[in-house]
Amino acid sequence: MINPLKKLFRFMKRISTLLMFLIVGLSPLYAASKPDIKCGPWIQNAGETEVTVLWTSYDNVFSWVEVAPDDGTAFEACARPRFYDVVSGRRVAGTSHSVTITGLEPGQRYRYRIYGKLVKDDTDPYGVQFGSAHRIKFKGDAVFKTLDRNASRCRFVMLNDVHGNAERYRTLTQGVDSVDLLILNGDMVSYITDIETALSCVFGAVPERVADVPSVWVRGNHETRGRDAAEMKQYAPTPTGEPYHLLRHGPVAILVMDAGEDKPDANAEYSGMADFDSYRLKELEWLRQAVTDPVFSEAPVKVAVMHIPAFREEGSWYGQTWVNENFVPVLNQAGVDLMLSGHHHSHIYVKPGECGNAFPILANDDTDRLEFEADVNGYVIRTYNVDGVQTSSYASRKSY
């Protein structure tokens, strides 16, 4: 016969074990008492007077960004301006956050912090219920610098064709925090079937870089693929609302261009969902106008950035041939000094005149980091592999 005390002991042990499993299972619910960042933040759409800060959260959060000059004063020295995610006049909450900070000065450094409140109940349109406000910590104060067309120099780092390789990505981005821009020149992922996975690869792999350095996510042909491919624009906003746009820092104007897919629209791989011929024609009309903009036309150094290089050779695929025949004549007439590309997973340098191009075209290797620096007299390019060894260098000096 079993001792009643032993029965009670076994019963209490089972109860305590059950309670432990319940506590562990419910712990995520209790942990969600404060808002937290899932991916980010990262800086996009950088200009002289505004930038956009983006991030994602685990829960439905009402968020804002507070900004202060990087002038050595305590962040809490005064009430800092707040900026919200606003859509047509309404501040919005959610798990995807995009806050545009305006009213900035060119060439200045700013600190920013992210705050938020969990949305507990938003079913009542006249009484949304929130949790308490918290600072969402991801590191110490993040600092970004606005662009400035009057700066004496422009320095950026470019990577391409990472295809989700986080280790290579992190290695190649070591030390890029001292640059003006980080250019991600296409095929950072192999497809965008799930946007959260893509964001984790493009921004989550190097959070300490993209929180401070404005980045430009150029669309490659692989980023046109997958169920969520159309969502890329939401997380890589531009002044035009399209992947192609124009920006300027110091003496350098940068035409960010998009070659679309590399095969004909009717190719079976696209499942009848491609319409890039029409898209590129629309971009061509934009390009003809963009090169007349004084932001571009008056720049001492003019650079085109496009994932698929615009040179043509025997065996070139459809997309590459199209941009060579249609984009290059416009770029030639506009006096472009250089095109930077990727796509081929190897280092290719095409001299002016080889394919109807009046400017050099450099396709960067997928295992190299390209460093670009320019002043009013020209530019210098150096590439480095994952071991930090310099693999090539080019320079162009202007004479006036």
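Since the model is a prediction, treat every value here as computed from it, not as a measurement.

The rules behind these values
Residues numbered from 1 in each chain as written. Predicted model: local features only at pLDDT ≥ 70, side-chain atom pairs only at ≥ 80, totals over all residues. Heavy atoms only, no water. 1 Å grid on protein atoms, 1.4 Å probe; cavity = no way out; pocket = protein on both sides within 12 Å on 5 of 7 lines; lining within 4 Å. Points joined across faces, edges and corners; volume = space filled by probe spheres on them. Helix = DSSP H or I, 4+ residues; strand = E, 2+ residues; numbered from the N terminus. Nonpolar A, V, L, I, M, F, W, Y, C, P; charged D, E, K, R; others polar. Core = buried A, V, L, I, M, F, W, Y, C linked by side-chain atoms within 4.5 Å. Buried < 20%, exposed > 50% of the residue type's maximum accessible area, 1.4 Å probe, protein only. Contact = heavy atoms within 4.5 Å. Pairing = 2+ DSSP bridges. Axes fitted to C-alpha atoms, helices over the stretch in contact; angles between N-to-C directions. Salt bridge = Lys/Arg side-chain N within 4 Å of Asp/Glu carboxyl O. Phe/Tyr/Trp six-rings, centres within 6.5 Å; stacked < 30°, edge-to-face > 60°. Lys NZ or Arg CZ within 6 Å of the ring centre and 35° of its normal.

Caption draft 1: A look at the layout of surface pockets. Roughly 1,100 Å³ of internal volume is contained in the largest pocket. At five residues, the largest contribution of residues to the lining of the largest pocket is made by helix α6 (residues 276-290). Across the lining of the largest pocket, the residue classes break down as 24 nonpolar, 10 polar and 15 charged. Lining the second largest pocket are 14 residues; nearest its centre among them are R109, K145, D177, V179 and D212.

Caption draft 2: A look at the nonpolar core. In this structure, I101, Y112, I254, L340 and F372 are the most contacted members of the largest nonpolar core, which totals 42 residues. With five residues, the single largest contributor to this core is strand β2 (residues 51-69). Once residues lying within four places of it in the same chain are set aside, the contact partners of L340 are F156, M158, N185, V303, A304, V305, M306, L362, L370 and I381. Core analysis: the second largest hydrophobic core is formed by 36 residues, M257, L287, A310 and V323 among them.

Caption draft 3: Here's a closer look at the sheet that holds strand β13 (residues 215-218). Taken in spatial order, the six strands line up as β13-β12-β11-β20-β21-β22 in an open sheet, and their pairing is mixed. Looking along the sheet, the strands with just one partner apiece sit at the ends: β13 and β22 (390-397). When the angles between neighbouring strand axes are averaged without regard to direction, this sheet yields 15 degrees. Bridging between strand β20 (residues 368-375) and strand β21 (residues 378-385) involves eight bridges; their strand directions are antiparallel.

Caption draft 4: Structural detail: the pattern of salt bridges. Scanning all chains against the criterion turns up 27 salt bridges. A salt bridge links R109 to D70, with the shortest nitrogen-to-oxygen separation between them at 3.0 Å. With R109 in strand β7 (residues 109-121) and D70 in the loop between β2 and β3 (82-84), the pair connects residues that are 39 residues apart, well separated along the chain. D70 gets classed as partly exposed once you look at its relative accessible area, which sits at 34%. Linked by salt bridges that have partners in common, R225, E261, D262, K263 and E269 make up one network.

Caption draft 5: Main features of the sheet that holds strand β16 (residues 301-305). Pairing is mixed in the open sheet, where six strands are placed in the order β14-β15-β16-β17-β19-β18. Here the strands that pair on one side only, and so sit at the sheet edges, are β14 (245-249) and β18 (348-350). Mean inter-strand twist for the sheet, computed between neighbouring axes without regard to direction, equals 20 degrees. Relative to strand β15 (residues 252-256), β14 runs antiparallel, the two being bridged by five bridges.

Caption draft 6: Structural view of the packing of aromatic side chains. By the definition in use, this model includes 18 aromatic pairs. Put simply, the rings of F62, W64, Y84, Y115 and F130 touch in pairs and so form one group of aromatic residues. Over the face of the ring belonging to W322 we find R280, whose NZ or CZ atom lies 5.2 Å from the ring centre.

Structural measurements only, silent on function.
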